[in-house]
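Each chain, letter by letter, is given below.
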Amino acid sequence: MGEEFFEHLILYEIQTAKVCPYRLLFDEDFMTYFKQTDEFKYSNIYLFCRNKRIRFNLDKTYLRDKRTLKTELLIGKNKTREVTANFFELSSLFRQIYGTKDEYHDLVSDEDDYWECKFLKNKSDNKTLLFNQIAQLEDQVFDFQISPENYEFDLDLKLNNHPEIIYIGQSFRMLDRIRSHETLHKAVSKLTDSEELKIYFLTFKYGYGGNKDKFDQNGDVFDIWLSKHGKDKRFKSKIDLVERFLIHFFKPEYNKQHAYSQIQNDTLVKKILRENKISTVTVNYGMHGNGFQFWSANQALNSDICTFDFNSPELGYYKGLVPN
């Protein structure tokens with residue numbers, strides 16, 4: 001890589017993604033916990049994603065023992081998959097309470113009748129499985145539930161159900177914005193019976209660098225880009241840029257503005273990036289986990305890491321940090 005290639009560069013990548021199924025967006029019990037998580041509180045970018053609908057076959061759902069659940073997942077139009085899973089692996093609730101799998105197995109063993117577990121089939125449905133965990137000696141009952149998302153995200157099953165981005169937006173009053181979002185409700189109304197919609201709330205890591213002889217630690221862009229969270233105009237400009245490049249790269253179905261623009265001529269891009277001699281922007285949207293493999297039918301190219309070079313805009317996006 002020649003020194004002449006980089007003057008200054010900006011890099012950003014997804015740090016966290018918190019998932020809310022549309023069906024739970026107005027569920028106050030679910031949202032009370034959801035709103036308290038840092039991943040949601042610090043998010044300013046959101047994705048509407050179309051997924052295959054996943055549901056339970058109650059007739060093939062039962063407890064194999066106190067710790068193990070067997071079920072059949074109904075996936076999309078006509079796919080099925082039988083899955084046997086331990087509650088410790090299936091739900092973060094159990095990992096928070098028991099610490100280790102061995103500790104959980106010791107306390108909820110078949111030889112010890114202190115704990116019992118019951119599947120409440122008559123109170124369950126194809127979206128939510130309900131259970132009682134019972135401390136027999138104290139006669140105390142603790143309720144818990146299992147959803148399809150436990151299989152997608154906690155268990156990280158490979159279900160060929162990558163989230164398709166159909167809209168990208170930003171907000172600094174996230175929940176009010178999402179709940180009243182016309183595009184969200186329009187997108188949901190267009191879903192087929194085999195589809196569902198999930199909302200991903202994103203936070204990002206940011207970086208700023210470049211040629212060591214031209215690196216400007218006291219410059220405006222350096223100060224703006226490394227700030228973690230904020231609500232002032234400069235931080236909002238950074239979120240505007242992230243949103244703009246994501247839309248321009250993925251070209252989601254319901255985004256009209258910015259999707260097919262000449263990004264190098266965008267007013268905000270010219271003001272913040274070009275005037276501060278930013279030559280390249282690199283986006284890394286890759287994440288671990290089968291439930292976080294984002295894609296769009298119109299995305300610029302198939303790569304988790306891509307770069308746009310303002311000195312050669314005719315190249316469009318290319319894989320990695322430098323063109324092949």
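Computed from a prediction, not measured in an experiment: that's the story for all the values here.

## Some words on the pattern of salt bridges
Then, in step 1: Scanning the entire structure with this criterion turns up 19 salt bridges.
Then, in step 2: For Glu 253, the salt bridge identified is with Arg 50, shortest N-O distance 2.9 Å. Of the two residues, Glu 253 sits in the loop between helix H10 (233–250) and helix H11 (267–274) while Arg 50 sits in strand S2 (residues 45–52), which places them 203 residues apart along the sequence.
Then, in step 3: The shortest N-O distance in the salt bridge between Arg 244 and Asp 266 comes to 2.9 Å. On the criterion of sequence distance, the pair formed by Arg 244 in helix H10 and Asp 266 in the loop between H10 and H11 is long-range, its members being 22 residues apart.
Then, in step 4: Note on Arg 244: relative accessible area 13%, which makes it buried.
Then, in step 5: A cluster of three or more residues bridged by salt bridges with shared partners is formed by Arg 23, Arg 55, Glu 149, Glu 152, Glu 196 and Lys 198.

## Structural notes on the environment of Thr 71
Then, in step 1: With respect to the secondary-structure elements, Thr 71 resides in strand S4 (residues 68–75).
Then, in step 2: Separated by 14 residues in sequence, Thr 71 and Ala 85 place their C-alpha atoms 8.7 Å apart.
Then, in step 3: Each residue touching Thr 71, except ones within four places of it in the same chain, is listed here: Phe 56, Asn 57, Lys 60, Thr 61, Arg 81, Glu 82, Val 83 and Tyr 151.
Then, in step 4: Separated by 2.6 Å, the side chains of Thr 71 and Thr 61 make a polar contact.

## Examining the sheet that holds strand S3 (residues 54–63)
Then, in step 1: Here we have three strands laid out as an open sheet, ordered S3-S4-S5, and antiparallel in their pairing. This sheet does not close on itself; its edge strands, each paired only once, are S3 and strand S5 (79–86). Neighbour-to-neighbour, the strand axes of this sheet turn through a mean angle of 25°, independent of strand direction.
Then, in step 2: For S4 and S5, the ladder comprises eight bridges, and the chain directions are antiparallel. Within S5, the residue paired with Glu 72 across the bridge is Glu 82.

## Topic: the nonpolar core
Then, in step 1: Tyr 12, Tyr 200, Phe 204, Phe 245, Leu 273, Val 281 and Phe 294 are the most contacted members of the largest nonpolar core, which totals 45 residues.
Then, in step 2: By residue number, the principal contributor to this core is H10, which donates nine residues.
Then, in step 3: When sequence neighbours within four positions are dropped, the list of residues in contact with Phe 294 reads Ile 14, Leu 47, Cys 49, Pro 163, Ile 165, Tyr 200, Phe 250, Tyr 285 and Met 287.
Then, in step 4: Residues Leu 69, Trp 115, Phe 119 and Leu 159 belong to the second largest nonpolar core, which totals 26 residues.

## Topic: the packing of aromatic side chains
How two aromatic rings sit relative to each other is set out by the distance from centre to centre and by the angle between their planes.
Then, in step 1: With the rule as written, the count across this model stands at 33 aromatic pairs.
Then, in step 2: A centroid spacing of 5.2 Å and a plane angle of 50° characterise the contact between Phe 153 and Phe 292, whose relative ring orientation is tilted. Of the two residues, Phe 153 sits in helix H6 (residues 148–154) while Phe 292 sits in the loop between strand S11 (278–284) and strand S12 (305–309), which places them 139 residues apart along the sequence.
Then, in step 3: Overall, Phe 292 belongs to the buried group, its relative accessible area being 14%.
Then, in step 4: Grouping aromatic residues by their ring pairs yields a cluster made of Phe 87, Phe 88, Phe 94, Tyr 98, Tyr 104, Phe 119, Phe 131 and Phe 144.
Then, in step 5: Sitting above the plane of the Tyr 206 ring, Lys 238 keeps its charged end 4.0 Å from the centroid.
Then, in step 6: Taking NZ or CZ as reference, Lys 251 lies 5.5 Å from the ring centre of Tyr 260, over its face.

## Examining the state of the cysteines
Then, in step 1: Under the definition given, this model contains zero disulfides.
Then, in step 2: Counting only cysteine sulfurs, Cys 20 is the nearest neighbor of Cys 49, a cysteine outside any disulfide, at a range of 12 Å.

## Focus on the side chain of Asn 161
Then, in step 1: As for its placement among the helices and strands, Asn 161 is situated in the loop between H6 and strand S9 (164–170).
Then, in step 2: Of note is the side chain of Asn 161, whose polar atom sits 3.0 Å from the side chain of Glu 152.
Then, in step 3: Discounting residues that sit within four places of it in the chain, Asn 161 has contacts with Asn 51, Lys 52, Ile 54 and Glu 152.

## Some words on unusual backbone geometry
Then, in step 1: In this structure, Asp 156 is a non-glycine residue whose phi angle is positive, near 55°.
Then, in step 2: Residue position: Asp 156 is located in the loop between H6 and S9.
Then, in step 3: Backbone geometry places His 258, a non-glycine residue, at a positive phi of 80°.
Then, in step 4: Among the structural elements, His 258 can be located in the loop between H10 and H11.
Then, in step 5: By relative accessible area, which is 14% here, His 258 ends up buried.

Rules and cut-offs
- Residues numbered from 1 in each chain as written.
- Predicted model: local features only at pLDDT ≥ 70, side-chain atom pairs only at ≥ 80, totals over all residues.
- Heavy atoms only, no water.
- Salt bridge = Lys/Arg side-chain N within 4 Å of Asp/Glu carboxyl O.
- Helix = DSSP H or I, 4+ residues; strand = E, 2+ residues; numbered from the N terminus.
- Buried < 20%, exposed > 50% of the residue type's maximum accessible area, 1.4 Å probe, protein only.
- Contact = heavy atoms within 4.5 Å.
- Polar contact = N/O pair within 3.5 Å; in protein donor to acceptor, adjacent residues only side chain to side chain.
- Pairing = 2+ DSSP bridges.
- Axes fitted to C-alpha atoms, helices over the stretch in contact; angles between N-to-C directions.
- Core = buried A, V, L, I, M, F, W, Y, C linked by side-chain atoms within 4.5 Å.
- Phe/Tyr/Trp six-rings, centres within 6.5 Å; stacked < 30°, edge-to-face > 60°.
- Lys NZ or Arg CZ within 6 Å of the ring centre and 35° of its normal.
- Disulfide = S-S within 2.5 Å.

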